[in-house]
Amino acid sequence: MEIDSREFSIASPVKSVRFGGSVSEILAKHKQGDSSDYDLLKHQLADPCIKDAQIISWLQEIRSCVSQLNKDHEQLIYTVLKLPWIGRRQAVVEEYMTFLGNLVSAQTVYLCACLKMVVTYFTPMRVRICVEGVNISDSEDEDEYENLSRNFDQCHKALQLIAKYVPSTSHFLMPVFQENFPFIQKSSRTLECYVHNLLRVSVYIPSIRRDILELIIGKMLQLDVSASRSDIEEAEEIAMQNLQGHPLKEEGLFDMDEDMPANPSTMAVTSHSVAERLDTLMAVLMAYVKDICHVNGSLHVERTKELYRDLLSVFDKLILPTHASCHVQYILFYLCSFRLALTEAFLDHLWKILQNPSQPAILRQAAAGYLGSFLARAKFIPVLTVRACLDLLISWIHGYIDSQNSSGKQACCDINLHGPFYSTCQAVFYVLIFRHRALLEGHMKKGLEYLQSLNLERVVMCQLNPLKLCLPTVTSMFAAITRKYQIVFCYNVIERNNRQLLPVVRSSTGGDCVTTKTNPLDSFFPFDPYLLKRSGQAIEPLYQVWEEFEDTELLSPRTSKQGPREDDDDFLYGDTPKADAIVGMTPNSFDSNLCSPNSIGSPPITFQKPF
């Protein structure tokens, strides 16, 4: 299959010095066993000082013989694929793209090699060009990337061209993307460029968007669990102390940090190195989500629904089973803020997982944690939706208690048997702690009647004793709030639990027993405060921070003796377990513009419509 010559306008090649005969002659001699000129051809093509005119001349001759370039000539093809065509003048780029189109059309055996070659340009590369015998190098660590946008454009045009002539290209791309994904220890710039380019591919080859998102989010989760909340906070504290201990010098001839803001709080760089890389990728992914879902500033419903379905699939497969991730799940939080229907769909999805007995218990517990944290922290969830979810949760809790009472067996405090129940109770307590003011605002009497209708006293007093296994901070604050409004008095149960000498309960994840003073549910609230600075700017206006109570009588005597902490949002200080250094898994149509939000500086790119 030959490419229409009208697709590219190729300038006439400039004569240049070369050795050996024509490519057709060289191939004929090689077939007869004489490889001297064949080796010379490969050597000339591999010359780092090769000129533009030489490249064009060789490519035109090679294209004329492309039907002869079978598997026996792979060394020659691999040499041509290593030619430094990106960033050269337009005539070279166009001739090279024409060569790629001819090659993959005539010899599909080289399709994957061509794809790998293009994808290697998805990250800034160390470029070495020989000019008049002098090597000029450009390090990827330099700050100026004037040609980066142009290079990425050329890469995507090449991919689109290959996909046009080989419709099955999409089936071969994901292994190439996976293989070439930079190590997560690479620089933020390298990771940012690669993820940015993968997302651009998902625009003009939408059939693999879900796979691309899964690949990216999987890598981001590795970063996320490698940077625990406590490690990030410690790094920020050390950075702030160092900054305060070394104030900015007076202006002088040798001051290098001219652009440093006068106010340290305005610095949008996360001090923890791993978290900073994650922050960069979260910013890229959030910008992508926003661009996909909005057209000319207005939400495009169908595109938003399609993206939601893709992200929800990745959530179920990767995010939900990952214990104690801190930030990646905020992609769903951010997307749901665009439209109430998305919020309700996400809540309904979590609810179906929670109340489905065929789901693994650990996933049901995780779903309960997501439900509670999302309802408590998302400002964009209206009170009516919160009440509707509380009604569902509390009804399920009472139904569970009924089933235990009717079983004729003595209920016991066993997380392996009742883990989803305890997690659901904790979710309800957590939501009420954060949302009780909103539930009572406007009409105090009706609000109190609603809270009383939940029959929380029965939950607290039941034999399963949920207060015993909830996080101590949740238990104490829930007890204080319900005491203030005389909804239920929890302190008798709490004191009895403290007096009982039941040293251990079984952990929901198996293994050694743990004491009830730790975190027997292995619970965490996935929407705890967002710590990444740059991407956090999109989350801040959507987020409900913890507000300390002004009424000192709200807290029990034991709690009120503790001095207030300086942290803005320290509701669960010391109770949430740290994330492990590895990902912990459970056993069992768009044609608008896409650009990176920060340093890449890619201008708007007009993509071809999907084919």
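All of these numbers come straight from a predicted model, not from anything done at the bench.

What counts as what
- Residues numbered from 1 in each chain as written.
- Predicted model: local features only at pLDDT ≥ 70, side-chain atom pairs only at ≥ 80, totals over all residues.
- Heavy atoms only, no water.
- Helix = DSSP H or I, 4+ residues; strand = E, 2+ residues; numbered from the N terminus.
- Buried < 20%, exposed > 50% of the residue type's maximum accessible area, 1.4 Å probe, protein only.
- Areas by Shrake-Rupley, 256 points an atom, 1.4 Å probe, with all protein chains shown as cover.
- Core = buried A, V, L, I, M, F, W, Y, C linked by side-chain atoms within 4.5 Å.
- Contact = heavy atoms within 4.5 Å.
- Axes fitted to C-alpha atoms, helices over the stretch in contact; angles between N-to-C directions.
- Parallel < 35°, antiparallel > 145°, perpendicular 65-115°, else oblique.
- Left-handed = near helix turned anticlockwise from the far one by under 90°.
- Nonpolar A, V, L, I, M, F, W, Y, C, P; charged D, E, K, R; others polar.
- Expected span 1.5 Å × (residues − 1).
- Phe/Tyr/Trp six-rings, centres within 6.5 Å; stacked < 30°, edge-to-face > 60°.
- Lys NZ or Arg CZ within 6 Å of the ring centre and 35° of its normal.
- pLDDT = per-residue confidence, 0-100.
- Disulfide = S-S within 2.5 Å.
- Salt bridge = Lys/Arg side-chain N within 4 Å of Asp/Glu carboxyl O.

1. Looking at the overall build of the protein chain
Here's step 1: In terms of regular secondary structure, the protein chain is built from 24 helices and four strands.
Here's step 2: Across the 611 residues of the protein chain, 51% fall into the buried class.
Here's step 3: Split by element, the accessible area of the protein chain, about 29,900 Å² in all, is 51% carbon and sulfur.

2. A word on the nonpolar core
Here's step 1: Counting residues in hydrophobic clusters, the biggest one holds 179 residues, and the most contacted among them are Tyr96, Phe177, Val201, Val289 and Phe421.
Here's step 2: Excluding residues that lie within four positions of it along the chain, Tyr96 makes contacts with Leu59, Val80, Leu81, Leu83, Trp85 and Met117.

3. Some words on the packing of helix 6 (residues 111–119) against helix 7 (residues 148–165)
Here's step 1: Running from N to C, helix 6 and helix 7 point in directions that differ by 160°, and their axes come no closer than 10 Å. In terms of their interaxial angle, helix 6 and helix 7 are classed as roughly antiparallel. In the crossing of helix 6 with helix 7, the sense of the turn from one axis to the other is left-handed. Counted together, Leu111, Cys114, Leu115 and Val118 of helix 6 and Cys155, Ala158, Leu159 and Ile162 of helix 7 form the full contact between these two elements.

4. Thoughts on unusual backbone geometry
Here's step 1: Unusually for a residue other than glycine, Asn296 sits at a positive phi of about 55°.
Here's step 2: Relative to the assigned elements, Asn296 resides in the loop between strand 3 (294–295) and strand 4 (298–299).
Here's step 3: Positive phi is not limited to glycine here, since Asn465 has a value of about 55°.
Here's step 4: Checked against the element boundaries, Asn465 lands in the loop between helix 20 (456–461) and helix 21 (472–484).

5. Some details on the side chain of Lys42
Here's step 1: Among the secondary structure elements, Lys42 is positioned in helix 2 (residues 36–45).
Here's step 2: With a relative accessible area of 15%, Lys42 lands in the buried category.
Here's step 3: With sequence-adjacent residues up to four places away left out, Lys42 is seen in contact with Gln75, Leu76 and Thr79.

6. Notes on the environment of Val428
Here's step 1: Among the secondary structure elements, Val428 is positioned in helix 18 (residues 415–440).
Here's step 2: The class of Val428 is buried, set by a relative accessible area of 1%.
Here's step 3: Spatially, the C-alpha atoms of Val428 and Leu371 are 9.0 Å apart, while their sequence positions differ by 57 residues.
Here's step 4: In this structure, Val428 is in contact with Leu390, Leu393, Ile394, Ile397 and Leu456, ignoring residues within four places of it in sequence.

7. Notes on the packing of helix 15 (residues 340–354) against helix 16 (residues 361–377)
Here's step 1: Between helix 15 and helix 16, whose axes approach to 8 Å, the crossing angle comes to 150°. Considered as vectors, helix 15 and helix 16 are oriented roughly antiparallel to each other. The way helix 15 lies across helix 16 gives a crossing that is left-handed. Where helix 15 approaches helix 16, its residues Thr343, Phe346, Leu347, Leu350, Trp351, Ile353 and Leu354 are matched on the opposing element by Leu363, Arg364, Ala367, Ala368, Tyr370, Leu371, Phe374 and Leu375.
Here's step 2: Of the residues assigned to the contact of helix 15 with helix 16, the class counts are 13 nonpolar, one polar and one charged.

8. Examining helix 16
Here's step 1: Between its first and last C-alpha, helix 16 extends 24 Å over 17 residues, near the 24 Å set by a 1.5 Å rise per residue.
Here's step 2: Along helix 16, 15 of the 17 residues are buried, which leaves the element largely enclosed by surrounding structure.

9. Topic: the packing of aromatic side chains
Here's step 1: According to the stated counting rule, one finds 30 aromatic pairs in the structure shown.
Here's step 2: Taking 5.1 Å as the distance between ring centres and 20° as the angle between the ring planes, the aromatic pair formed by Tyr400 and Phe421 counts as stacked. Taken together, the positions of Tyr400 in helix 17 (residues 383–406) and Phe421 in helix 18 put the pair 21 residues apart, joining distant regions of the chain. The pair formed by Tyr400 and Phe421 is uniform in burial state, with each residue classed as buried.
Here's step 3: Where Phe489 meets Tyr491, the ring centres are 5.5 Å apart and the plane angle is 70°; that geometry is what we call edge-to-face.
Here's step 4: Through a chain of ring-to-ring contacts, the aromatic side chains of Phe315, Tyr330, Phe333, Phe346, Tyr370, Phe374, Phe380, Phe527, Tyr530 and Tyr543 assemble into a single cluster.
Here's step 5: Sitting over the face of the ring of Tyr450, Arg387 holds its NZ or CZ atom 4.0 Å from the ring centroid.

10. What to know about the confidence of the model for the protein chain
Here's step 1: On average, residues of the protein chain score 81 in pLDDT, and 76% of them are at 70 or above.
Here's step 2: Predicted confidence in the protein chain is weakest over helix 24 (residues 557–560), with a mean pLDDT of 45, and strongest over helix 14 (residues 330–336), with 98.
Here's step 3: The model gives residues 136–144 a pLDDT under 50, and that stretch makes 16 contacts with residues more than four places away or in other chains.
Here's step 4: pLDDT under 50 marks residues 574–611. Its contacts with residues more than four places away, or in other chains, come to 93 contacts.

11. Comments concerning the state of the cysteines
Disulfides are covalent bonds that connect the sulfur atoms of two cysteines.
Here's step 1: Considering all chains together, one arrives at zero disulfides under this definition.
Here's step 2: Note on Cys425: no disulfide assigned, nearest cysteine sulfur contributed by Cys470 at a separation of 6.5 Å.

12. Section: helix 12 (residues 273–293)
Here's step 1: Between its first and last C-alpha, helix 12 extends 31 Å over 21 residues, near the 30 Å set by a 1.5 Å rise per residue.
Here's step 2: Along helix 12, 17 of the 21 residues are buried, which leaves the element largely enclosed by surrounding structure.

13. Considerations on the pattern of salt bridges
Here's step 1: Inspection of every chain in the model, using the stated rule, returns 15 salt bridges.
Here's step 2: Glu95 serves as the salt-bridge partner of Arg63, at 2.7 Å between the closest nitrogen and oxygen. Taken together, the positions of Arg63 in helix 3 (residues 52–64) and Glu95 in helix 5 (residues 90–106) put the pair 32 residues apart, joining distant regions of the chain.
Here's step 3: Here Glu95 falls in the buried class, since its relative accessible area comes to 0%.
Here's step 4: A cluster of three or more residues bridged by salt bridges with shared partners is formed by Lys29, Asp34 and Asp37.

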